[in-house]
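Structural overview for review
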Amino acid sequence: MKVKKAKKKMTNRERSEFLWGWLFILPTMAGLMILNIIPIFQTIYQSFFKTGSFGRGNIFVGLENYKRLFADTAVWQALLNTLKYAIVEVPFSIIIAIVLAVMLNQKMRGRSVYRMIYFMPMVCAPAAVAMVWKWLYNSEFGLLNHLLEAIGLPKVNWVSDPKIAFISLAIVGIWSVIGYNMVLFLAGLQEIPKDYYEAAEIDGANAVTQFFKITLPLISPTMFFVVITRVIASLQVFDSIFMMIGKNNPALPKTQSLVYLFYRYAFVENNKGYGSAIIVLLLCIIMLITVFQMKAQKKWVYYN
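What this report covers is the structure whose coordinates are included nearby. (Residues numbered from 1 in each chain as written. Predicted model: local features only at pLDDT ≥ 70, side-chain atom pairs only at ≥ 80, totals over all residues. Heavy atoms only, no water.)

**Considering unusual backbone geometry**
A positive phi is found at Asn270, a non-glycine position, where the angle reads about 55°. Positionally, Asn270 belongs in the loop between α13 (258-268) and α14 (272-296). Residue class for Asn270 comes out partly exposed when judged on its relative accessible area of 30%. (Helix = DSSP H or I, 4+ residues; strand = E, 2+ residues; numbered from the N terminus. Buried < 20%, exposed > 50% of the residue type's maximum accessible area, 1.4 Å probe, protein only.)

Structure below.
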C-alpha cells in the first residue's frame, strides 16, 4: 500500500513568525534593491549608450564606450592610482587598528576615553576631515611644514607633488578608518576565552608568542571581514581626492581614481555612457578581487 505523506500545516505561531520575519527584513531588502541592485543594472545598461547633443536623449553605441575605455590611457592611469592607494591604505589601517585594539583591550586607566578619541574621526563628515587635512598639508602655512622647518628640514609639497600625493591621501584614509577597524577588532578580541592565554603563560609563552599563536588566528574571521570591506571601500575612494586635489593641481593625473574619473565624465562632461563604462570596469575588478579573497580565506581564516 502506498502511504501518502500528509503535508505539514503551519501553525498560527509559525505563520506569525514567518510574516514578522519578512516584515523586519523588508526595509533592508527594499533599500538594497532600490539603492544597490537596480542602479547596478541601470549603470550597465547606460554603458551601451552615449548622451545626445546638448544632453538630450541617449544614443545606442553598443561596445564603443568599452573600446574607447580600453584605449584610454587616463583610465588605466586612474586604475593604477586606485590600486596604489589601496595597497598603502588597507594594510596600514588594519595593522595599526589591530595594535591599538590589543593595547586598549588591556586593563588601563582611561581606556574608554582613548577608545572614543580613536573612533571620533569615523563620525566626522568626510568633507570636514578633508578640509582639516588640506590645511595641515598646506605647503606655505600648513602645520606639518611648520614643524619640518622648526627642526631644520625643507618644506614638502604634500598634495601637489605627483610622487607623494597619493601617499598623503592614503594617510588621510588611514586616519579616518582606524577607529572603525579598531572597534571591530576589539569585538573579536573580547570573544577570545581568557583560558587560552592562561594556559599559554603556564607553558612559558611570552606576549609576542601569544599574539601570533592565539590572538591573530582567533580574530582571523574579523580580520577577513575588515580586509574585504576595506579593499572595496579603498577602491571607491573619491571624497578626499575631490576635496583636496584641485582641477589645476599638477598631481591630479597621478591621484585621480576610477570613481573620480567617473564623476568627471558623467557629471562634469555629461558623458554618462562612458562614465558608466568606467564604473562597470571598477565593478568587475572589485568582484574579481573579492572572489580571490573568498577563495584565499581557506588558507588563513580559522572559524573553529
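Following the structure, the description resumes.
**Digging into the nonpolar core**
By size, the foremost hydrophobic cluster in this structure holds 41 residues, and its most contacted members are Val75, Ile94, Phe185, Leu258 and Ile278. Those elements that provide at least two residues to this core are α2 (64-71), α3 (73-104), α7 (165-189), α8 (194-202), α10 (220-234), α13 and α14. Per-element tally for this core: the top contributor is α3, with 11 residues. Once residues within four sequence positions are removed from consideration, Leu258 is found in contact with Val75, Ala78, Leu79, Thr82, Ile278, Leu282 and Ile285. Core analysis: the second largest hydrophobic core is formed by 20 residues, Trp133, Tyr137, Trp158 and Leu252 among them. (Core = buried A, V, L, I, M, F, W, Y, C linked by side-chain atoms within 4.5 Å. Contact = heavy atoms within 4.5 Å.)

**With respect to the side chain of Ser93**
Take Ser93: it is sitting in helix α3. From its side chain, Ser93 meets the backbone oxygen of Glu89 in a polar contact 2.9 Å long. Residues contacting Ser93, with those up to four places away along its chain left out, are Ile174, Val177, Ile178, Asn181 and Arg230. (Polar contact = N/O pair within 3.5 Å; in protein donor to acceptor, adjacent residues only side chain to side chain.)

**Quick look at the pattern of salt bridges**
Per the counting criterion, the structure on display carries six salt bridges. We note a salt bridge from Arg13 to Glu17, for which the minimum N-O separation is 3.4 Å. Here Arg13 pairs with Glu17, and both are found in helix α1 (residues 12-46), just four residues apart, close to one helical turn. Accessibility expressed as a relative area gives 63% for Arg13, which makes it exposed. Residue class for Glu17 comes out partly exposed when judged on its relative accessible area of 47%. Members of the salt-bridge network, linked through shared partners, are Glu140, Glu149 and Lys155. (Salt bridge = Lys/Arg side-chain N within 4 Å of Asp/Glu carboxyl O.)

**Focus on the packing of aromatic side chains**
With the rule as written, the count across this model stands at 19 aromatic pairs. For the pair Trp20 and Phe24, a centre-to-centre distance of 6.0 Å together with 35° between the ring planes defines the contact as tilted. With Trp20 and Phe24 both in helix α1, this residue pair falls four residues apart, about one helical turn. Assigned by exposure class, Trp20 and Phe24 land together as exposed. By the ring-pair criterion, three or more aromatic residues cluster together here, those being Phe238, Phe242, Tyr260, Phe262, Tyr263 and Phe267. Its end group placed over the ring of Phe166, Lys84 keeps NZ or CZ at 4.4 Å from the ring centre. Directly above the aromatic system of Tyr265 lies the positively charged group of Arg264, at a separation of 4.9 Å from the ring centroid. (Phe/Tyr/Trp six-rings, centres within 6.5 Å; stacked < 30°, edge-to-face > 60°. Lys NZ or Arg CZ within 6 Å of the ring centre and 35° of its normal.)

**Let's talk about empty space enclosed by the protein**
Summed over all chains, the structure comprises one cavity of 30 Å³ or more. Taken as a whole, the largest cavity spans an internal volume of roughly 30 Å³. With three residues, the single largest contributor to the lining of the largest cavity is α3. A per-class count over the lining of the largest cavity returns four nonpolar, four polar and one charged. (1 Å grid on protein atoms, 1.4 Å probe; cavity = no way out; pocket = protein on both sides within 12 Å on 5 of 7 lines; lining within 4 Å. Points joined across faces, edges and corners; volume = space filled by probe spheres on them. Nonpolar A, V, L, I, M, F, W, Y, C, P; charged D, E, K, R; others polar.)

**Some details on α14**
An ideal rise of 1.5 Å per residue puts 36 Å on 25 residues; α14 measures up with 36 Å between its terminal C-alpha atoms. When we look at burial in α14, the residues that qualify are Gly273, Tyr274, Gly275, Ser276, Ala277, Ile278, Val280, Leu281, Leu282, Ile285, Ile286 and Gln293. In this structure, the buried residues of α14 make contact with α1, β1 (49-51), α2, α3, α10 and α13. (Expected span 1.5 Å × (residues − 1).)

**As for the environment of Phe267**
Note that Phe267 resides in helix α13. Judged by its relative accessible area of 56%, Phe267 falls in the exposed class.

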